[in-house]
Amino acid sequence: MGLTSETTVYVMAALAAVSVALLVWWWPRFARQGLLQVLGRLVALGTTQVVIIAAFACWLNSSYQFFGSWGELFGNVETAPVGVTQAGGYDGTGSVNGVAVKGSLVQPATDEQLSRVSGLPTGPAAVNGRVESVKVIGRRTGVVDPAFVYLPPQYFQKAYQRQRFPVIVALSGYPGSIFNLAQYLRVSQTAGALQKSGQMQPTIMVMIRPTIAPPRDTECVDVPGGPQTETFLAKDLPEALKSAYRVGHDASAWGVMGYSSGGSCALQLTMRDPHVFTTAAALSPDYRVKDDPTTGNLFGNGPDRIERINGHDLMWRLKHLPVPDVSVLVAESKHGERGYPQTQAFIKAVRAPMRVVSILPEHGSHNFPTWVQEMPPALKWMNQQLTFPQDVVPRHHKKKGAVVADPQKPGRAPLRADGPEPTPTTRTRR
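Being a predicted model, the structure only gives us computed values, none of them experimental. (Residues numbered from 1 in each chain as written. Predicted model: local features only at pLDDT ≥ 70, side-chain atom pairs only at ≥ 80, totals over all residues. Heavy atoms only, no water.)

Draft legend 1. Quick peek at a nonpolar patch on the surface. Together, Leu35, Leu36, Val38, Leu39 and Leu42 give the surface a local cluster of nonpolar side chains, amounting to about 530 Å² of exposed area. Looking at the secondary structure, you find Val38 in helix α2 (residues 35-64). (Patch = residues over 30% accessible without salt bridge, like charges linked within 9 Å, V, L, I, M, F, W, Y side chains within 5 Å. Areas by Shrake-Rupley, 256 points an atom, 1.4 Å probe, with all protein chains shown as cover. Salt bridge = Lys/Arg side-chain N within 4 Å of Asp/Glu carboxyl O. Helix = DSSP H or I, 4+ residues; strand = E, 2+ residues; numbered from the N terminus.)

Draft legend 2. Structural context of the nonpolar core. Counting 55 residues, the largest nonpolar core has Val169, Ile208, Tyr245, Phe346 and Met354 as the members making the most contacts within it. Among the elements that line this core, the one with the most residues is helix α7 (residues 229-244), at seven residues. Counting 35 residues, the second largest nonpolar core, distinct from the first, contains Leu114, Leu120, Ile178 and Met205. (Core = buried A, V, L, I, M, F, W, Y, C linked by side-chain atoms within 4.5 Å. Buried < 20%, exposed > 50% of the residue type's maximum accessible area, 1.4 Å probe, protein only.)

Draft legend 3. How the structure looks around the state of the cysteines. A complete count under the given rule lists one disulfide for this structure. Paired through a disulfide, Cys220 and Cys265 show a sulfur-sulfur distance of 2.0 Å. Across the S-S bond of Cys220 and Cys265 the torsion is about 105 degrees, and the bridge reads as right-handed. In this pair, Cys220 sits in the loop between β5 (204-208) and α7 while Cys265 sits in helix α8 (residues 261-272), placing the two residues 45 residues apart along the sequence. The exposure class of Cys220 is buried, given its relative accessible area of 2%. (Disulfide = S-S within 2.5 Å.)

Draft legend 4. Spatial organisation of the packing of aromatic side chains. All told, the structure shown has 12 aromatic pairs when counted by the stated rule. Each ring, one from Trp254 and one from Phe277, has its centre 6.2 Å from the other, and the planes form 65 degrees; the classification is edge-to-face. Linking Trp254 in strand β6 (residues 254-259) with Phe277 in the loop between α8 and β7 (279-283), this pair joins segments that are 23 residues apart in sequence. Neither Trp254 nor Phe277 differs from the other in exposure class; each is buried. (Phe/Tyr/Trp six-rings, centres within 6.5 Å; stacked < 30°, edge-to-face > 60°.)

Draft legend 5. Quick peek at helix α1 (residues 6-30). Counted at 1.5 Å a residue, the expected span for α1 with its 25 residues is 36 Å, and the 35 Å between its end C-alpha atoms agrees. Largest kink in α1: about 35 degrees, centred on Val24, with the proline Pro28 one to four residues after it. Looking at α1, one finds that the buried residues are Thr8, Val9, Met12, Ala16, Ser19, Leu23 and Phe30. (Expected span 1.5 Å × (residues − 1). Bend = angle between axes of the 7 residues up to and from the residue.)

Draft legend 6. Representation of the sheet that holds β7. Pairing in this open sheet of nine strands is mixed, and the strands run β1-β2-β3-β5-β4-β6-β7-β8-β9 from one edge to the other. Looking at strand neighbours, the two that pair on one side only are β1 (106-108) and β9 (355-359), the edges of this open sheet. Sheet twist, expressed as the average angle between the axes of neighbouring strands with direction ignored, equals 25 degrees. With five bridges joining them, strand β4 (residues 167-171) and β5 adopt parallel strand pairing. Counted as the bridge partner of Ala170 is Met207 from β5. Sitting on the sheet, helix α6 (residues 187-196) touches β2 (130-137), β3 (144-151), β4 and β5, and the angle it makes with β5 is about 170 degrees. Sitting on the sheet, α8 touches β4, β6, β7 and β8 (327-331), and the angle it makes with β6 is about 150 degrees. (Pairing = 2+ DSSP bridges. Axes fitted to C-alpha atoms, helices over the stretch in contact; angles between N-to-C directions. Contact = heavy atoms within 4.5 Å.)

Draft legend 7. How the structure looks around the packing of α6 against helix α12 (residues 368-385). Relative orientation of the contacting elements α6 and α12 amounts to 60 degrees, with a least axis distance of 10 Å. In terms of their interaxial angle, α6 and α12 are classed as oblique. As α6 packs across α12, the resulting crossing turns out to be right-handed. Across the interface between the two elements, Val187, Thr190, Ala191 and Leu194 from α6 touch Met375, Pro376, Leu379 and Lys380 from α12. (Parallel < 35°, antiparallel > 145°, perpendicular 65-115°, else oblique. Left-handed = near helix turned anticlockwise from the far one by under 90°.)

Draft legend 8. Region of the structure containing the pattern of salt bridges. Using the criterion set out here, one finds 10 salt bridges in the structure. Two residues, Asp304 and Arg308, come together in a salt bridge whose shortest N-O distance is 3.3 Å. Using a relative accessible area of 31% as the deciding quantity, one classes Asp304 as partly exposed. The exposure class of Arg308 is partly exposed, given its relative accessible area of 31%. When salt bridges with common partners are traced through the structure, they connect Arg139, Arg140, Asp236 and Glu239 into a single cluster.

Draft legend 9. Geometry of unusual backbone geometry. With omega at 0 degrees, the peptide bond leading from Tyr174 into Pro175 counts as cis. If you trace the backbone, Pro175 turns up in the loop between β4 and α5 (178-183). Following Ala352, the chain continues to Pro353 via a peptide bond in cis, the omega torsion being 10 degrees. Residue placement: Pro353 occurs in the loop between α11 (340-349) and β9. Backbone geometry places Arg186, a non-glycine residue, at a positive phi of 60 degrees. For Arg186, the position within the fold is in the loop between α5 and α6. On the basis of relative accessible area, Arg186 is assigned to the partly exposed category, the value being 23%. In this structure, Cys220 takes a positive phi of about 60 degrees despite not being glycine.

Laid out in structure tokens, this is it:
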């Protein structure tokens, strides 16, 4: 039985019900005086409570997909297959179901989680688009991470058959999953509706989790001697996507967004790796990374520990380092969330050439209903910042398995200066 399967939930619920029934049935026997009877009562109560909690945890995990398998629950993470060292290229015949052929850095994955997501596009892909379940293999890090990829209808239309597309990478919070991004944050559904109504240009949406070494929360940090999360997201992921999809090769076509710790990651990646991501949207983020019980020691104990800590403190970076030429959006509720003062301080600290806008609703909480409300304006704003790639796929491809270079290597296009209407509050600093 899989950890997230309904069978597991039903079995655990049945065990909980049986435990309660046995406790009631046997309680008169434990009501007598004596050491054994007292121990029996303690064991019976403890066992019943553990089974009930386990049943509730299985139901919660099945609903929100915190851990996708028993192995993940106990820290056993899949590693990349031996021999995967290079991305496959275009072979002139297209890809299989939109992903690269076997042996490349993006491979098809099972649809177990995707099949449970409501509101996904159906019918002809050239009319409604498509969401695919894949696994991304990190060539440098050896990480294998599941992802959902939304491809807009234009991706499959003949008029766009050589066109590359902008990309927005959506990151889940901790210990969230790609299921949360698709089902509760409604990333692909929202983007698809905006694109269909003409409020957003055709864009590929990649839903992925930054928790590459569950159950540890690595906060998008390259941990000394540990998981290399920043390397995976800033190097391996773009390389893998470029090998499998028609995506822009210039950083001006790449954005990253997320909620909670995923929003923190989005800011970190954009400010630390502006040559990869030029636009970020962060819903309820933090502005510095620090150790806690879920992260362990993220920065090591060497002489460069303080430098590493400061490097992941965005307020410190704004004060002491040259600011990158990027655009970021931050969202935080004035009442109901604790991070509003920090968000205001971050907005005031940003200086040119970096740009910042904000979504600051009067009321909200650190939850999906609030983030779902913030998603449409955030996506529309990101869309205005991203440049639709000018480079195209060449007409004549190299042989199968070869890496194809862009026919053009344009410099970074300037980001657009126009922003969305204030919804509910938007502020730009120049």
